[in-house]
Amino acid sequence: MKKVLKGIAASDGIAIAKAYRLVDPDLSFSKQTITDVDGEVQKMQDAMDASKAELEIIKSKAKETLGEEEAEVFEAHITILSDPEMIGAINKEISDQKVNGEQALTDVTDQYISMFEAMTDNAYMQERAGDVRDVRKRVLSHLLGVELPNPALINRPVIVVSHDLTPSDTAQLDRKYVKGFITDIGGRTSHSAIMSRTLEIPAVVGSGDATKTINEDDVVIVNGLDGEALVDPTDEEIAKYEKKEQDYLKQKDEWEKLKTAETLSKDGVHHTIAANIGTPQDIQAVLDNGAEGIGLFRSEFLYMNSAELPTEDEQFEAYKSAVSKLDNKPVVVRTMDVGGDKKLPYLPLPAEMNPFMGYRAIRISLDRDDIFRTQLRALLRASNFGNLWIMFPMIATLDEFRAAKAIYNEERQKLIDAGQKVGDIKLGIMIEIPAAAVLADQFAKEVDFMSIGTNDLIGYSMAADRTNERVSYLYQPYNPAILRLIKHVVDSAHKEGKVAAMCGEMAGDQIAVPLLLGMGLDEFSMSATSILKTRLLFKELDSKKAAKLVEKALQAQTNDEVKNMVEEAMDSLK
Ligand code: PEP
Ligand code: MG
C-alpha cells in the first residue's frame, strides 16, 4: 500500500475500484505565432466537433439523472458551439493575426463574455457569460489534449476523487459506475455527504489531500465505515477489505428483517422513524427501508435540479407523487432552503462572506414572496392527495414564522375562494438557529410541530462551518450544551402537546439515539439507509433507563465524556 488517507466517514460501506479524478486540469497555454492557417483552423474544427460529441453524451445522461430541464443547459452549450458568427470570428483571428487556436478562442470568447456581463438589466443574458466560459473550457481541453472530467462521462467502475463535490455533481453520480468517492474537503453534514448516504455510495470526505495523493487509475479502497482510504493496496489488503464488505452486507441482510416491524423500544414505547429525501426519486429507498413517513423533503433540490424556477404545476406533481406514494403516512415538505452550499444558477445570490449565515431559506422566501407563494400553492393543492405537512427552514424569530404563516393563510384562502379543496395541513418550523431553540417554549404555542435540524443547530451553536473539515472537531452532537438545547425543545413541544421531531443527521447517530429516546423525542428522521439499524437499536433499549442516562449526560462537561458514558452504559440500557 502506498498511503492511507484519513477523513470523515460520510457514507457506510466499502468500495474498491480505480480512481477517476474529478479535478479541473491545467488549461494554461502560451500565445504562439503560426504559419499553417488551414491546419490551425482544422484543429479548431476538430476540437469543436469533439466538444459537441461530449456534450451530447453529457446531455443525454443529464436527461436521465436530472431531468429534461437540467439537460437544456447542455443543449445551450451545443448551440453556442454551432454559432457561425463566433466560429467565423475565431477563424478570422487565426488567419488575420496568425495566432494559435487557443489564443483566438480566448480572445473571441472574452468579447462575448464581456458583452453578456455588461447586460446588467438582463439576468438571463448575464448568465450566458457562464455558459460561454464553460464551453471555452471544454474546447480548450480538446485543443490542449487534456481530459475535462465530468460525472456524466464515467462509464466504468470507479472511485471518484475530487477536491469537493457540489450537490449537483453528486446528483449526477451514476450508482452503476461510481462505487465510492473521496474528497479533500467537506464535513459529515455537508450536502454532498448527506446525498452520498441517500445514494448508498460509500464515501470519505474531508481527507485533506486526496487529490494530491491519488493519481488517475490508482486502485483505491474507500472505507466509508471508518473514514479512511487506502491507495494502491496490496493483494492481502484487498482481500481483507473484501471480507469486511461481505460482513457489512451480511449485517445489512439482518437489518432487512425489520423492514415491516414497528419501531418499539424494549419496554414497548413507540417512536416514529422517518426518512429524509431530496427528490421524489429518493422515495424508493424510503419504501425499501420501511420508513414510517418522510420527516424532511428538502424541496430545494427541485429548484436545483431545474434550469429555471420550477412552475407551480411541476412542483405540484412532485409533491403529489411523494404524498401518494407514502400512502397517507406523513410527508413533511420543507419550503425552499437555498443559500449556504446550495445554489441556483438562475437565481444569482449575492456573494457573501458567510453564506451559511446569509441570505438563505425563509429569508429568501419572505423577500421573494412570488417564489414562496408559488411553492405554497403547489403544496396546498398536493395536500389533497395524502398527509402533507409544511415546515419552514431557518426560522430565527417568531415574527418570521408569523409572516410565513400569514402568506400561507392568504394563499390557502385564495384557493378555497376559487372553489378548490385543500387538505388539513400541519405547519411547523425547523429548530436550527440557537435563538429559536432557546425560545422553543414560545414557538411551541404557535406551531403544530418542531423539527430539530442539528446539522445547522450544532454548527451555529459552536460557530463552526459544517462544510469546513478543519473545524469538524467542533461538530459535537453529544456536547451537553447541545443536549440541553435539544432537551429544552422536546420538553417545550410536549408541554404544548406538539410533536417534537429531529431531521438533522444526529437523529440516526447510534450514540445519540439512546439519549434522544431518553428525552422522549417523538420522531427521528434520517437518511433512509440508517433506518433499519436504528430500528434494531430501539428494540434493544429501555426508555426509562435511557431517561436516567440523559439526566447524567446533561450534567456532564464535554462531548467525549458523554460519548464514553453512552458507550459504557450501552449494555446496561438493554
Ligand atoms: C439541518 O440543518 O439539520 C437540516 C436537516 O437541514 P439541512 O441539512 O438541509 O440544512
Ligand atoms: Mg439546515
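Calculation rules
Within each chain, residue numbers correspond to sequence positions counted from 1 in written order. Here every chain gets a letter starting at A, and every ligand a number starting at 1, in the order they are written. A pLDDT threshold of at least 70 governs which residues receive local features in this predicted model, and a stricter bar of 80 or more applies before side-chain atom pairs are shown or counted, although totals over entire chains, interfaces and linings include all residues. Excluding hydrogens and water, the side-chain figures rest on all heavy atoms present in the structure. Secondary structure elements follow DSSP: runs of H or I of four or more residues count as helices, runs of E of two or more count as strands, with numbering from the N terminus. Every radius of gyration here is taken over C-alpha atoms, with the globule rule written as 2.2 Å times N^0.38, N being the number of residues. For the exposure calls, accessible area comes from a 1.4 Å probe over protein chains only, and a residue counts as buried if that area is under 20% of its type's maximum, exposed if over 50%, partly exposed in between. Two rings from Phe, Tyr or Trp (for Trp, the six-membered ring) form a pair when their centres are within 6.5 Å of each other. A pair whose planes differ by under 30 degrees is stacked, one over 60 is edge-to-face, and the rest are tilted. Two limits define a charge over a ring: the Lys NZ or Arg CZ must be within 6 Å of the ring centre, and within 35 degrees of the ring normal. A pair is scored as a salt bridge if a Lys or Arg side-chain nitrogen falls within 4 Å of a carboxyl oxygen belonging to Asp or Glu. Reported domain spans reflect what an automatic or database domain assignment gives. What makes two residues a contact is simply this: any of their non-hydrogen atoms within 4.5 Å. We define buried area as the total accessible area lost by two parts upon association, computed with a 1.4 Å probe and summed across both. Residues adjacent in sequence count toward polar contacts only when both atoms are side-chain atoms; beyond that, a polar contact is any pair of N or O atoms within 3.5 Å, and within protein one must be able to donate a hydrogen and the other to accept it. Three classes are used: nonpolar for Ala, Val, Leu, Ile, Met, Phe, Trp, Tyr, Cys and Pro, charged for Asp, Glu, Lys and Arg, and polar for all others, with Gly counted as polar. When at least one non-hydrogen atom of a residue lies within 4 Å of a molecule or strand, that residue is treated as near it. The protein chains shown are the only cover counted for residues, whose accessible areas, like all others here, come from Shrake-Rupley with a 1.4 Å probe. Note on geometry: axes are C-alpha line fits, over the in-contact stretch for helices, and angles between N-to-C directions span 0 to 180 degrees. By the definition used in this description, the sense in which the near helix is turned from the far one sets the handedness, with an anticlockwise turn below a right angle giving left-handed and a clockwise turn giving right-handed. Multiplying 1.5 Å by the residue count of a helix minus one yields the expected span of that helix. Only when DSSP finds a minimum of two bridges between them are two strands counted as paired. In summary, the charge assignment counts Lys and Arg as positive and Asp and Glu as negative, without counting His or the chain termini.

**Student:** Give a description of the overall build of the protein that names residues and reports values.
**Tutor:** Counting its regular elements, the protein contains 23 helices and 16 strands. Radius of gyration (C-alpha) of the protein: 26 Å, near the 25 Å computed for a compact globule of 574 residues. Along the first, second and third principal axes, the C-alpha set of the protein runs to 85 × 70 × 40 Å. In the protein, buried positions account for 56% of the 574 residues.

**Student:** Residues and numbers for the packing of aromatic side chains, please.
**Tutor:** The full count for this structure, using the stated rule, is seven aromatic pairs. Where Tyr248 meets Trp255, the ring centres are 6.3 Å apart and the plane angle is 80°; that geometry is what we call edge-to-face. In this structure Trp255 comes out as buried when scored by relative accessible area, which is 11%. When the ring of Phe297 is compared with that of Tyr319, the centres are 5.8 Å apart and the planes differ by 75°; the resulting orientation is edge-to-face. Taken as a pair, Phe297 in strand S10 (residues 294-298) and Tyr319 in helix H12 (residues 312-325) lie far apart in primary sequence, 22 residues in all. Comparing Phe297 with Tyr319, the two get one shared label, buried. Grouping aromatic residues by their ring pairs yields a cluster made of Phe372, Phe392 and Phe401. Here the guanidinium or amino end of Lys320 rests over the ring plane of Phe385, the centre of that ring lying 4.7 Å away. Above the face of the Trp389 ring, Lys426 is positioned so that its terminal group lies 5.6 Å from the ring centre.

**Student:** Account for the pattern of salt bridges, with residues named and values stated.
**Tutor:** Enumeration over the complete set of coordinates arrives at 39 salt bridges. Linking Asp337 and Arg360 is a salt bridge whose minimum nitrogen-to-oxygen distance equals 3.2 Å. Linking Asp337 in the loop between strand S11 (330-334) and helix H13 (362-367) with Arg360 in the loop between S11 and H13, this pair joins segments that are 23 residues apart in sequence. With a relative accessible area of 1%, Asp337 lands in the buried category. Arg360 sits in the buried class, given a relative accessible area of 1%. One salt-bridge network, in which partners are shared between bridges, spans Glu312, Asp313, Asp369, Arg373, Arg377, Arg381, Glu410, Glu411 and Lys414.

**Student:** Break down the domain arrangement of the protein for me, with residues and values.
**Tutor:** According to the domain assignment, the protein consists of domain 1 (3-23 + 151-253), domain 2 (37-144) and domain 3 (257-569). One C-alpha centre belongs to domain 1, the other to domain 3; they are set 27 Å apart. The interface of domain 1 with domain 3 comprises 18 residues on the first partner and 17 residues on the second. Between domain 1 and domain 3 lies a buried interface of about 1600 Å² when both sides are counted; carbon and sulfur atoms form 55% of it. Run the count over domain 1 and domain 3 and you get two salt bridges. Our count for the domain 1 to domain 3 interface comes out at four residue pairs in polar contact (both at pLDDT 80 or more). Sort the elements by how many residues they give to the side of domain 1 that touches domain 3 and helix H7 (residues 191-198) lands first, with five residues. In terms of residue class, the side of domain 1 that touches domain 3 is made up of five nonpolar, seven polar and six charged.

**Student:** Explain the site of ligand 1 residue by residue, including any values.
**Tutor:** The immediate surroundings of ligand 1 are formed by 17 residues, with Arg298, Arg334, Gly453, Asn455 and Arg466 found nearest. Interatomic distance of 3.0 Å between a side-chain N/O atom of Glu432 and an oxygen atom of ligand 1. Residue Thr454 places a main-chain N or O atom 3.1 Å away from an oxygen atom belonging to ligand 1. Computed on the free molecule, ligand 1 has an accessible area of 290 Å², of which 100% lies beneath the protein chains in the complex. Mapped by element, the contributors of at least two residues to the shell around ligand 1 are H7, S10 and helix H18 (454-462). Among the elements that make up the shell around ligand 1, the one with the highest residue count is H18 (three residues).

**Student:** Before we move on, could you go through the packing of helix H19 (residues 480-495) against helix H20 (residues 512-519) and cite the residues and values that matter?
**Tutor:** For the pair H19 and H20, interaxial distance at closest approach is 10 Å and the crossing angle is 35°. For the crossing formed where H19 meets H20, the hand is right-handed. Between H19, through Leu483, Ile486, Lys487 and Val490, and H20, the contact on the second element is made entirely by Leu515, Leu516 and Met519. Looking at the contact of H19 with H20 residue by residue, the class counts come to six nonpolar, no polar and one charged.

**Student:** Outline helix H14 (residues 369-382), listing residues and values.
**Tutor:** In an α-helix, one turn spans 3.6 residues; hence positions three or four apart end up facing the same way. In a regular helix each residue adds 1.5 Å, so 14 residues correspond to 20 Å; H14 covers 19 Å between its end C-alpha atoms and thus fits that length. For H14, the buried fraction is high: eleven of the 14 residues fall into the buried class. For H14, the complete set of buried residues consists of Ile371, Phe372, Arg373, Thr374, Gln375, Leu376, Ala378, Leu379, Leu380, Arg381 and Ala382. Lining the buried residues of H14 we find helix H11 (300-304), H12, S11, H13, strand S12 (387-392) and helix H15 (398-417).

**Student:** Tell me about the sheet that holds S12, residues and numbers included.
**Tutor:** Spatial strand order, S9-S10-S11-S12-S13-S14-S15-S16: eight strands in a closed barrel with parallel pairing. On average, adjacent strands in this sheet sit at an angle of 25° to one another, irrespective of strand direction. Bridge count for strand S13 (residues 426-431) against strand S14 (residues 449-452) is four bridges, and the pairing is parallel. Considered in S14, the bridge of Ile431 is made with Ile452. Its contacts with the sheet put H14 on S11 and S12, and the angle it makes with S12 is roughly 160°.

**Student:** Could you give me a rundown of the sheet that holds strand S6 (residues 203-205), with the residues and numbers involved?
**Tutor:** Adjacent strands of a sheet pair through backbone hydrogen bonds, lying either parallel or antiparallel. Here eight strands make up an open sheet; going across it, the order is S1-S8-S7-S3-S4-S5-S6-S2 and the pairing mixed. If you trace the sheet from one side to the other, it starts and ends with strand S1 (3-6) and strand S2 (8-11), each paired once. Each strand axis lies, on average, 30° off the axis of its neighbour in the sheet, ignoring direction. Across three bridges, the pairing between S2 and S6 is antiparallel. Within S6, the position partnered with Ala9 by the bridge is Val204.

**Student:** Hey, could you go over the side chain of Glu400 for me, with residue numbers and the actual values?
**Tutor:** Assignment of secondary structure puts Glu400 in helix H15. Buried charge Glu400 goes without a salt bridge, the closest partner of opposite sign being Arg363 at 4.6 Å. Every residue in contact with Glu400, bar those within four places of it in the chain, is listed here: Ile362, Arg363, Leu366, Met394 and Ile395.

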